[in-house]
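Coordinate analysis (summary)
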Amino acid sequence: MTNTNPNPDINLAQISTRNTHARHIVVGCASALPSLADMWQALDDALSDTVALAAQVTRLSAELDRVRLDRANLRAAMRATLAAHADGEPDPLWYLRDELGAAESAAGAARRPR
């Protein structure tokens, strides 16, 4: 795969760093202006959402990478099946059965509790 990051504009490390700096600013402002505690809490809550979103982006990116690899493997098996058929192999569908079996085994292993 040439591009494993579907959206290179998202730099999670930079986002995390900015989030940490912003949280430090909120803490400093909250201690300097405690009368605005509700406002500082709302800002802190919003910044906490960024952490959850970054985790979700990371999970979804990994899932997308797995799906892309599965599709590439299946496409390769299809091409091998067609080539085997053209070459007159006795069981050209073996390539598809093998790949589908491997995908099912991997999916089953991923669902097992650890």
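What this report covers is the structure whose coordinates are included nearby. No experiment lies behind these values; they were computed from the predicted model shown.

Things to note about the overall build of the chain
- Secondary structure assignment for the chain yields three helices and zero strands.
- Ordering the α and β elements of the chain from the N terminus gives α-α-α.
- The C-alpha extent of the chain, read off along each of the three principal axes, is 80 × 30 × 15 Å.
- In the chain, which comprises 114 residues, the share counted as buried stands at 8%.
- Put simply, of all contacts in the chain between residues at least 6 apart along the chain, 50% involve residues at least 24 apart.
- Each charge sign in the chain was given a centre, from 12 positive and 14 negative side chains, and these centres are 1 Å apart.

Topic: the pattern of salt bridges
- In the structure shown here, the tally under the stated rule is three salt bridges.
- Ionic pairing is found between R59 and E63, a salt bridge with its closest N-O pair at 3.1 Å. Of this pair, R59 and E63 both sit in helix α2 (residues 37-86), four residues apart, which is roughly one turn of the helix.
- Assessed through its relative accessible area of 41%, R59 is described here as partly exposed.
- Under the relative-accessibility criterion, E63 is labelled partly exposed at 35%.

What about the environment of T58?
- Mapped onto the secondary structure, T58 falls in helix α2.
- Under the relative-accessibility criterion, T58 is labelled partly exposed at 45%.
- The sequence separation of T58 and L12 amounts to 46 residues, and the corresponding C-alpha distance is 8.4 Å.

A short note on the packing of helix α1 (residues 12-32) against α2
- Taken N-terminus to C-terminus, the directions of α1 and α2 make an angle of 165°; their axes are 10 Å apart at the nearest point. Here α2 runs roughly antiparallel to α1, going by the angle between their axes. As α1 packs across α2, the resulting crossing turns out to be left-handed. Contacts from L12, I15, N19, A22, R23, V26, C29 and A30 in α1 reach W40, L43, D44, L47, S48, T50, V51, A54, V57 and T58 in α2.
- Across the contact of α1 with α2, the residue classes break down as twelve nonpolar, four polar and two charged.

A short note on α2
- The terminal C-alpha atoms of α2 lie 74 Å apart, and with 50 residues this matches the ideal 74 Å at 1.5 Å per residue to within 8%.
- What α2 keeps buried is the set W40, L47, A77, T81 and A84.

Definitions and cut-offs
Residues numbered from 1 in each chain as written. Predicted model: local features only at pLDDT ≥ 70, side-chain atom pairs only at ≥ 80, totals over all residues. Heavy atoms only, no water. Helix = DSSP H or I, 4+ residues; strand = E, 2+ residues; numbered from the N terminus. Buried < 20%, exposed > 50% of the residue type's maximum accessible area, 1.4 Å probe, protein only. Contact = heavy atoms within 4.5 Å. Lys, Arg positive; Asp, Glu negative; His and termini not counted. Charge placed at Lys NZ, Arg CZ, Asp CG, Glu CD. Salt bridge = Lys/Arg side-chain N within 4 Å of Asp/Glu carboxyl O. Axes fitted to C-alpha atoms, helices over the stretch in contact; angles between N-to-C directions. Parallel < 35°, antiparallel > 145°, perpendicular 65-115°, else oblique. Left-handed = near helix turned anticlockwise from the far one by under 90°. Nonpolar A, V, L, I, M, F, W, Y, C, P; charged D, E, K, R; others polar. Expected span 1.5 Å × (residues − 1).

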